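Spelled out from the first residue to the last, the chains are:
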Amino acid sequence: MNKFRDWVYRVMQGRYGVDELNRFFLVLALILMVVSTIVQIPALSAGVTVLLFLMYFRMFSRNIPKRYAENEKYKAVKRRIRGIFKGDLRAAAADPYHKIFRCPACQQKVRVPKGKGHIQIRCPKCGKVFIKET
């Protein structure tokens, strides 16, 4: 088993590998595969083939900066879509380095940096102090 692992390591050295966009392509291909077996539409099978080709192309690519940029664009679109479904359009466009809280007294939105642990937040509108986890 170690020989196989070493071989895979050597093959993948200098290549991009798997990221969120590749996982999305894989899940979408599996869903299309199941649907295509039920509905029997040849175009769906072709779509599965294209998605799997894209996934493997990206995984074995040596152009790491370009694949990384594609993945970052995918994550930005995913963040926006999640924000829209959560009903907060401003949060949908927010950067990943800040978190938005609402003041419990006046409902004013307060933006604070992420990753600071438990912090004490003072509302700029009403002055109420509250503690949140970032």
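Structure first, text after, so check above.
Quick notes on the rules
- Residues numbered from 1 in each chain as written.
- Predicted model: local features only at pLDDT ≥ 70, side-chain atom pairs only at ≥ 80, totals over all residues.
- Heavy atoms only, no water.
- Core = buried A, V, L, I, M, F, W, Y, C linked by side-chain atoms within 4.5 Å.
- Buried < 20%, exposed > 50% of the residue type's maximum accessible area, 1.4 Å probe, protein only.
- Helix = DSSP H or I, 4+ residues; strand = E, 2+ residues; numbered from the N terminus.
- Contact = heavy atoms within 4.5 Å.
- Phe/Tyr/Trp six-rings, centres within 6.5 Å; stacked < 30°, edge-to-face > 60°.
- Expected span 1.5 Å × (residues − 1).
- Arc of directions from axis to C-beta.
- Polar contact = N/O pair within 3.5 Å; in protein donor to acceptor, adjacent residues only side chain to side chain.
- Salt bridge = Lys/Arg side-chain N within 4 Å of Asp/Glu carboxyl O.
- Pairing = 2+ DSSP bridges.

**Student:** An account of the nonpolar core is requested, with residue identities and associated values reported.
**Tutor:** In terms of nonpolar packing, the biggest core is built from eight residues, these being Phe-101, Cys-103, Val-110, Val-112, Ile-119, Ile-121, Cys-123 and Phe-130. For this core, the secondary-structure elements that each account for two or more residues are β2 (109-113) and β3 (118-122). Not counting the four nearest positions on each side in its chain, Cys-123 is found in contact with Cys-103, Cys-106, Gln-108, Val-110, Lys-128 and Phe-130. The next biggest cluster of nonpolar side chains, apart from the first, holds seven residues, and it includes Leu-21, Val-48, Met-55 and Tyr-74.

**Student:** Before we move on, could you go through the packing of aromatic side chains and cite the residues and values that matter?
**Tutor:** Tallying each qualifying case throughout the model produces five aromatic pairs. For the pair Phe-24 and Phe-25, a centre-to-centre distance of 6.3 Å together with 45° between the ring planes defines the contact as tilted. In this structure an aromatic cluster arises from ring pairing among Phe-24, Phe-25 and Tyr-74.

**Student:** A description of the side chain of Asn-22 should follow, citing residues and the corresponding values.
**Tutor:** Among the secondary structure elements, Asn-22 is positioned in helix α2 (residues 20-39). Here Asn-22 falls in the buried class, since its relative accessible area comes to 2%. With sequence-adjacent residues up to four places away left out, Asn-22 is seen in contact with Gly-17, Met-55, Arg-58 and Met-59.

**Student:** Provide a residue-level description of α2, including the pertinent values.
**Tutor:** For α2, with 20 residues, the first-to-last C-alpha span of 28 Å sits near the 28 Å given by 1.5 Å per residue. Taken as a whole, α2 has its buried residues at Leu-21, Asn-22, Phe-25, Ala-29 and Ser-36. Buried residues along α2 cover an arc of 90° about the axis, so they all sit on one side. The inward-facing, buried residues of α2 contact α3 (42-60) and α4 (64-86). Measuring from the backbone nitrogen of Leu-21 back to the side-chain oxygen at the start of α2 gives 3.4 Å, which picks out Asp-19 as the cap. Gln-40 sits one or two positions beyond α2 and adopts a positive phi of about 60°.

**Student:** Any details on the pattern of salt bridges? Residues and values, ideally.
**Tutor:** According to the stated counting rule, one finds five salt bridges in the structure shown. The partner of Asp-19 in a salt bridge is Arg-58, and the shortest N-O contact between them spans 3.0 Å. Pair noted here: Asp-19 is in the loop between α1 (2-12) and α2 and Arg-58 is in helix α3, with a separation of 39 residues, a long-range link. Looking at Asp-19, the relative accessible area reads 6%, which means it is buried. The salt bridge partner of Glu-20 is Lys-78, with a shortest N-O separation of 3.0 Å. Placement of the pair is Glu-20 in helix α2 and Lys-78 in helix α4, with a sequence separation of 58 residues. One connected set of salt bridges, linked through shared partners, spans Asp-19, Arg-58, Arg-67 and Glu-70.

**Student:** So what about the pairing of β3? Which residues, and what values?
**Tutor:** The side-chain alternation of β3 yields one buried face, formed by Ile-119 and Ile-121, and one unburied face, formed by His-118, Gln-120 and Arg-122. Where β3 and strand β4 (residues 129-133) come together, five bridges link them in antiparallel fashion. By the bridge assignment, Ile-119 is partnered in β4 with Lys-132. If you look at the hairpin formed by β3 and β4, you'll find six residues sitting between the two strands, and Gly-127 has a positive phi there, around 85°.

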